[in-house]
Protein chains: 2
Amino acid sequence: MESFYATRTDEMLRAHGLSRTQGRIALLKLLASQKAPVSSAFLLRKLGTSWDETTLYRALNTFVTYGILAQFDFGHGHAHYEIAHDKPHHHHAVCESCGHIEDIPAHDSPQLTASALKAARGFKRFTRHSLEFYGLCTKCT
Amino acid sequence: MESFYATRTDEMLRAHGLSRTQGRIALLKLLASQKAPVSSAFLLRKLGTSWDETTLYRALNTFVTYGILAQFDFGHGHAHYEIAHDKPHHHHAVCESCGHIEDIPAHDSPQLTASALKAARGFKRFTRHSLEFYGLCTKCT
DNA sequence: GTAATATTTGCAAGTAACTTGCGTTTATTA
DNA sequence: TAATAAACGCAAGTTACTTGCAAATATTAC
Ligand SMILES: [Mn+2]
Ligand SMILES: [Mn+2]
Ligand SMILES: [Zn+2]
Ligand SMILES: [Zn+2]
């Protein structure tokens, strides 16, 4: 019987008609096991030296395009990625000293977007938003 | 009598003991006249060809370090900058088609940060947050 | 105002994070 | 199982930004 991650990752690829290669499946499994967004350098380290950097970037970009992954920028000079497929909307906390990142379940009231929309003259609706909190984590305080 | 921008920009530099060079003053005046964050390419274009790219980046970095400027990333592959000195906290709306950026006066309740902090296990306080709304502007709809 | 000192600037070279081209391999479809 | 389409791996390229260092400019001390 297949593992939880195996079936889920398989489904992510199948849902968009993407080839289910060994590499892509391993990458999605690794991403699915993370608690917060990770960098391409982290992924490359975990996947092992056999992995090619270009292939990784190409897979990540494809997955972002199809909405399987979400991509974030926390001002570290490189992107972070996390599974978006079937994951509820949420925000992030980022430590400005050690770079530690934590998921925060979304506590948005619909008012948050509504009142922003009222204030934004040139916009009639928003499709998404991103909210990041910065500070020092307990280890770095 | 000096203009509004001239005295304000002068004060920004003076407050941090930074040299008030012609270039820096021109840069801050230009930034002070913008309604939303702008890219380094935009600044370079507006300042004219006489300006050196390295000097611009160095000035921008210095100003960000001292809190005179705030730096943002909207996923365009380059940073955006705006005056932070004496400017109240606010958020941004970004058009995913044309890149148009708009300031949104902050409508945060203190609860926004409070409830995020409660949910973030590894953090005792946040020093700042950034909230961006993405969608299509009225021109692009 | 002028000289001494500290800061900033401009140019050339360098770096990090990606991207592109193209021939080979692997997966999907018939 | 063969034909077709997609993904991979390597080398080379691009972009946004950084660093080193000598020359120019600004600040401070007299
Ligand atoms: Mn997350
Ligand atoms: Mn702004
Ligand atoms: Zn930390
Ligand atoms: Zn637009």
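Small disclaimer: the values here were computed from a predicted structure and weren't measured.

S.K.: Looking at this structure, I do not really get the packing of aromatic side chains. What am I missing?
M.R.: Any aromatic ring pair is given by two values, namely how distant the centres are and how the planes are angled relative to each other. Enumeration according to the criterion identifies six aromatic pairs over all chains in this entry. Taking the centre distance of 5.5 Å and the plane angle of 40° together, the rings of A:Phe123 and A:Phe126 count as tilted. Judged by relative accessible area, A:Phe126 falls into the buried class, the value being 11%. Chaining the aromatic ring pairs together yields one cluster made of A:Phe123, A:Phe126 and B:Phe133. Above the ring of B:Tyr134, the side-chain terminus of A:Arg128 is found at 4.0 Å from the ring centroid.

S.K.: What exactly am I supposed to notice about the domain arrangement of chain A here?
M.R.: Much of the literature gives interface size as the accessible area that the parts lose upon coming together. Residue and element names in this part refer to chain A. For chain A, the assigned domains read domain 1 (6-83) and domain 2 (90-135). Here domain 1 and domain 2 have C-alpha centroids that lie 23 Å from each other. The partner domain 2 presents nine residues to the nine residues of domain 1 that form the contact. At the boundary of domain 1 with domain 2, total buried surface from both sides reaches about 650 Å², with 65% on carbon and sulfur atoms.

S.K.: I would appreciate a short explanation of the relation of the copies chain B and chain A in the present structure.
M.R.: Between the two chain copies there is a screw-like relation: a rotation about an axis and a shift along it. With an RMSD of 0.1 Å, chain B superimposes on chain A once it is rotated by 180° and translated 0.0 Å along the axis. What the superposition gives is, in effect, a two-fold axis relating one chain to the other. Looking at the rotation axis and the C-alpha trace of chain B, the residue lying nearest is B:Leu131, at 2.2 Å. Comparing interface residues between copies, 100% of those in chain B also lie at the interface in chain A; the contact surface is shared.

S.K.: Please explain the protein's contact with DNA strand C as it appears in this structure.
M.R.: Taken together, the neighbourhood of DNA strand C is formed by 19 residues, with A:Tyr57, A:Asn61, B:Arg24, B:Thr55 and B:Arg58 sitting nearest. Considering DNA strand C, the proportion of its atoms within 4 Å of the protein that are sugar or phosphate atoms stands at 67%. The separation between a phosphate oxygen of DNA strand C and a polar side-chain atom of A:Asn61 is 2.8 Å. At 2.2 Å from a phosphate oxygen of DNA strand C is found a side-chain nitrogen or oxygen belonging to B:Arg24. Ranked by residues supplied to the surface near DNA strand C, first place goes to helix H4 (residues 53-66) of chain A with four residues. Looking at the surface near DNA strand C residue by residue, the class counts come to three nonpolar, eleven polar and five charged.

S.K.: What exactly am I supposed to notice about the coordination of the manganese ion (ligand 1) here?
M.R.: Expected angles at a metal are 109.5 degrees for tetrahedral coordination by four donors and either 90 or 180 degrees for octahedral coordination by six donors. All names here are of chain A. Taken together, the protein donors to the manganese ion (ligand 1) comprise Glu-82 (OE), Glu-82 (OE), His-90 (NE2), His-92 (NE2) and Asp-103 (OD), at separations of 2.0 to 2.5 Å. Ordering the donors of the manganese ion (ligand 1) by residue number gives the pattern E-x7-H-x1-H-x10-D. Considered together, Glu-82 and His-90 belong to a single accessibility category, that of buried residues.

What counts as what
Residues numbered from 1 in each chain as written. Chains lettered and ligands numbered in written order. Predicted model: local features only at pLDDT ≥ 70, side-chain atom pairs only at ≥ 80, totals over all residues. Heavy atoms only, no water. Phe/Tyr/Trp six-rings, centres within 6.5 Å; stacked < 30°, edge-to-face > 60°. Buried < 20%, exposed > 50% of the residue type's maximum accessible area, 1.4 Å probe, protein only. Lys NZ or Arg CZ within 6 Å of the ring centre and 35° of its normal. Domains from an automatic or database assignment. Contact = heavy atoms within 4.5 Å. Buried area = accessible area lost by both parts, 1.4 Å probe. Least-squares fit on C-alpha atoms with pLDDT ≥ 70 in both. Near = heavy atom within 4 Å. Polar contact = N/O pair within 3.5 Å; in protein donor to acceptor, adjacent residues only side chain to side chain. Helix = DSSP H or I, 4+ residues; strand = E, 2+ residues; numbered from the N terminus. Nonpolar A, V, L, I, M, F, W, Y, C, P; charged D, E, K, R; others polar. Donors = N, O, S within 2.8 Å, 3.2 Å for Na, K, Ca; no water.

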